[in-house]
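Spelled out, the chains give:
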Amino acid sequence: MKKDTHPDYHEITVQMTDGTTYKTRSTWGQPGETMRLDIDPKTHPAWTGIHRLVDSGGQLAKFKKRFKDFGLKS
């Protein structure tokens, strides 16, 4: 097998949206870093059945401003 072809596989901490954490092994980041999730199974509509809008980069605000005269409710 070739040497130095595989990425570094190390332990990181994953922080869920509710603040709980767990340790896992990954190639992401540096050893000991914390990956903070914005969306996880505790908040994603596919698992919760509750839909909420996530405004990334103000896209929702732009949409509401553009179409405010059409009678859309927030």
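Throughout this document, residue positions are counted from 1 along each chain, in the order its sequence is written. Selection of residues for local features in this predicted model requires a pLDDT of at least 70, selection of side-chain atom pairs for listing and counting requires 80 or more, and totals for whole chains, interfaces and linings are taken over all residues. Heavy atoms throughout the structure, all of them, feed into the side-chain values; hydrogens and water do not.

(A) A look at the environment of valine 14. For helices the rule is a DSSP run of H or I covering at least 4 residues; for strands it is a run of E covering at least 2, with both sets numbered from the N terminus onward. Mapped onto the secondary structure, valine 14 falls in strand 1 (residues 10-15). Along the sequence, valine 14 and threonine 34 sit 20 residues apart, while their C-alpha atoms lie 5.6 Å from each other. The criterion used for residue contact is that any of the two residues' heavy atoms lie within 4.5 Å. Ignoring anything within four residues of it in the chain, the contact list for valine 14 reads Thr20, Thr21, Tyr22, Thr24, Met35 and Leu37.

(B) Focus on the pairing of strand 2 (residues 21-26). Sheet analysis places strand 1 next to strand 2, joined by six bridges and oriented antiparallel. Bridge assignment links glutamate 11 to a residue of strand 2, and that residue is arginine 25. A pair of strands is treated as paired once DSSP finds two or more bridges between them.

(C) How the structure looks around the packing of aromatic side chains. Two aromatic rings, drawn from Phe, Tyr or Trp (for Trp, its six-membered ring), form a pair once their centres lie within 6.5 Å of each other, and the interplanar angle then sorts them: stacked below 30 degrees, edge-to-face above 60, tilted otherwise. If you walk through the whole model with that rule in mind, you get one aromatic pair. Centre to centre, the rings of phenylalanine 63 and phenylalanine 67 are 4.9 Å apart; their planes meet at 45°, and the pair counts as tilted. Only protein chains enter the accessibility calculation, which uses a 1.4 Å probe; a residue is then buried when its area is under 20% of its type maximum, exposed when over 50%, and partly exposed in between. Taking the relative accessible area as the measure of exposure, phenylalanine 63 reaches 41% and is therefore partly exposed.

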